[in-house]
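What follows is the residue order along each chain.
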Amino acid sequence: MDPALVARLAAEELPKARNADDAVKRVKRRLHQAVGAFTSGTRMAADAWPVEDPEALPAACLAVMRRHASTRERLEHLESFYPGIWRHTGVPRSILDLGCGLGPLALPWMGVGDARYVATDVDEGAIAVVRSFLEAIGQPHRVETRDLVDGAPEEEADVGLLLKLVTTLDRQHREAASHLLQGLRTRHAVVSFAARSLGGRGGGRVRTYRERLERLATDSGRVRAIEEASVPNELVFVLALEPHDG
Ligand SMILES: C[S@@+](CC[C@H](N)C(=O)[O-])C[C@H]1O[C@@H](n2cnc3c(N)ncnc32)[C@H](O)[C@@H]1O
């Protein structure tokens, strides 16, 4: 785990805690909220990926992605997920994947060739797996353990992916998501929300997420247009951004 995240949460919870034990409990709860979904213990050395075998590689990616709760939810729609986004952005030559989890392991389904891939997360376990994978397949890349509440990476890219990230950041800092969007040096940002059932009883949640998206767009002050690329269990918005002003 990025020590900066632990330090930030400890600083926020300490003043509210009754005693040291309570403080530890509070920080653990917050950490679990932020990164708890990843099944730790997944370790992959770069030479463990079956890169020479075109059939075994996607199978290995699927097996590892199943270990990340939120990435797993996307697997049944993987074939259409990224092409549906690129329809609005064009196929990117460079991608910033923010709060990536194990998302970069979907590269065999992305169809982006040798695009540069920058992946960041606060979870060092996920980052280690992603690093070994990107190295193994020879993708031009940079990976970084980073607390996104402190802001966006300075790197420029065609597309910034904020997949299922906004609700996670909202629990950590009220303005983190809009600051992140303001600081992004990308032409498009893709913001998604998990919605296990988008029809029926999921309707209320969908409305809440749409409102959250609209507010985020307004607060960031740089969204030119919003298009949708949702799949049955994930609400996906593609935001066209005004150029970064710095
Ligand atoms: C719901 S998961 C989404 C993972 C991935 N984007 C996907 O859609 O499969 C949220 C991710 O955000 C990361 N995260 C949580 N708080 C963060 C922070 N402050 N800075 C960077 N990443 C964070 C978690 O470690 C986790 O990987």
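Conventions and cut-offs
In this convention, every chain numbers its residues from 1, walking through the sequence in written order. Per-residue local features are limited, in this predicted model, to residues with pLDDT of at least 70; the limit for side-chain atom pairs, both in listing and counting, is 80 or more; totals at the level of whole chains, interfaces and linings are taken over all residues. Side-chain calculation: all heavy atoms of the structure are included, whereas hydrogens and water are not. Here a residue is considered near a molecule or strand provided that any single heavy atom belonging to it is located within 4 Å of it. Nitrogen and oxygen atoms within 3.5 Å of one another constitute a polar contact, given that in protein one can donate a hydrogen and the other can accept it, and given that sequence-neighbouring residues count only through two side-chain atoms. Accessible surface is estimated by sampling points in the Shrake-Rupley manner with a 1.4 Å probe; for residues, cover comes only from the protein chains shown. In the cavity and pocket records, a cavity denotes points on a 1 Å grid over the protein atoms alone where a 1.4 Å probe fits but cannot get out, a pocket denotes an open set with protein on both sides within 12 Å along at least 5 of 7 lines, and lining residues are residues with an atom within 4 Å of a point. Any molecule with more than half of its atoms within 2 Å of a cavity's or pocket's grid points is counted as sitting in it. Each helix is a run of DSSP H or I of at least 4 residues and each strand a run of E of at least 2, with the numbering of both proceeding from the N terminus. As a working rule, the residues Ala, Val, Leu, Ile, Met, Phe, Trp, Tyr, Cys and Pro are called nonpolar, Asp, Glu, Lys and Arg charged, and the rest polar, with Gly in that last group. Pairing of aromatic side chains requires ring centres within 6.5 Å, counting the rings of Phe and Tyr and the six-membered ring of Trp. Pairs whose planes differ by under 30 degrees are stacked, by over 60 edge-to-face, and all others tilted. Residue burial is assigned from relative accessible area. The probe radius is 1.4 Å, only protein chains are included, and a residue is buried under 20% of its type maximum, exposed over 50%, and partly exposed in between. Throughout this description, the term charge over a ring refers to an Arg CZ or Lys NZ atom that lies within 6 Å of the ring centre and within 35 degrees of the ring normal. The convention used is that axes are lines fitted to C-alpha atoms, helices contributing only their stretch in contact, and that angles between N-to-C directions extend from 0 to 180 degrees. Each angle receives one of four descriptions, namely roughly parallel if under 35 degrees, roughly antiparallel if over 145, roughly perpendicular if within 65 to 115, and oblique otherwise. Take the far helix as the reference: if the near one is turned anticlockwise from it by less than a right angle, the crossing is left-handed, and if turned clockwise, right-handed. Note on contacts: a residue pair qualifies if any of its non-hydrogen atoms lie within 4.5 Å across the two residues. Grid points are joined across faces, edges and corners, and a volume is the space filled by probe spheres set on the points. Should a side-chain nitrogen of Lys or Arg be within 4 Å of a carboxyl oxygen of Asp or Glu, the pair is scored as a salt bridge.

**A few points about the site of the ligand**
Lining the immediate surroundings of the ligand are 23 residues, of which Arg 74, Gly 99, Asp 121, Leu 163 and Gln 172 lie closest. Here an oxygen atom of the ligand and a side-chain polar atom of Thr 71 are 2.9 Å apart. Residue Arg 146 places a main-chain N or O atom 3.4 Å away from a nitrogen atom belonging to the ligand. The protein chains hide 95% of the 590 Å² of surface that the ligand would expose on its own. Using a 2 Å cut-off from the grid points, one finds that the ligand occupies the largest pocket. Counting residues per element, the ones that place at least two in the shell around the ligand are helix H2 (20-35), helix H4 (69-72) and helix H7 (166-170). Grouping the constituent residues of the shell around the ligand by class yields 9 nonpolar, 7 polar and 7 charged.

**Considering the packing of aromatic side chains**
Geometrically, a pair of aromatic rings is defined through the distance of the ring centres and the angle of the planes. Per the stated rule, a full pass over the model turns up 5 aromatic pairs. Ring geometry for Trp 49 against Phe 133: centres 5.0 Å apart, planes inclined by 65 degrees, an arrangement best described as edge-to-face. Of this pair, Trp 49 sits in the loop between H2 and helix H3 (56-65) while Phe 133 sits in helix H6 (residues 124-137); the two residues are 84 residues apart in sequence, bridging distant segments of the chain. The class for Trp 49 is buried, based on a relative accessible area of 3%. When the centroid spacing of 4.7 Å and the interplanar angle of 15 degrees are considered together, the rings of Phe 193 and Tyr 209 count as stacked. Taken as a pair, Phe 193 in strand S5 (residues 185-194) and Tyr 209 in helix H9 (residues 203-220) lie far apart in primary sequence, 16 residues in all. Residue class for Phe 193 comes out buried when judged on its relative accessible area of 1%. Grouping aromatic residues by their ring pairs yields a cluster made of Phe 81, Tyr 82 and Trp 86. Its guanidinium or amino end placed over the ring of Phe 81, Arg 74 lies 4.8 Å from that ring's centre, counting from NZ or CZ.

**Some remarks on the packing of helix H1 (residues 3-13) against H2**
At a minimum axis distance of 9 Å, the contact between H1 and H2 shows a crossing angle of 130 degrees. Overall, the two elements H1 and H2 adopt an arrangement that is oblique. In this structure, H1 meets H2 at a crossing whose hand is right-handed. From H1, Leu 5, Val 6, Leu 9, Ala 10, Glu 12 and Glu 13 reach across to H2, where they touch Arg 26, Val 27, Arg 30 and Leu 31. Its residues placed into classes, the contact of H1 with H2 shows 6 nonpolar, no polar and 4 charged.

**Points about the environment of Ala 229**
By the element assignment, Ala 229 lies in the loop between strand S6 (223-228) and strand S7 (234-241). Since its relative accessible area comes to 10%, Ala 229 is described here as buried. Taking C-alpha positions, Ala 229 is 8.3 Å from His 88, a pair spaced 141 residues apart along the chain. With residues up to four places along the chain from it excluded, the contact list for Ala 229 reads Gly 84, Ile 85, His 88, Val 236 and Val 238.

**Structural notes on the layout of surface pockets**
Here the largest pocket defines a volume of roughly 760 Å³. Ranked by residues supplied to the lining of the largest pocket, first place goes to H2 with 4 residues. Residue classes in the lining of the largest pocket are distributed as 16 nonpolar, 12 polar and 11 charged.

**Examining the pattern of salt bridges**
Per the stated rule, a full pass over the model turns up 20 salt bridges. With a shortest N-O distance of 3.6 Å, Glu 12 and Arg 8 are connected by a salt bridge. With Glu 12 and Arg 8 both in helix H1, this residue pair falls 4 residues apart, about one helical turn. A salt bridge links Arg 212 to Asp 170, with the nearest nitrogen and oxygen atoms 2.7 Å apart. In this pair, Arg 212 is assigned in helix H9 and Asp 170 in helix H7, connecting sequence segments 42 residues apart. With relative accessibility at 8%, the residue Arg 212 sits in the buried group. With a relative accessible area of 27%, Asp 170 lands in the partly exposed category.

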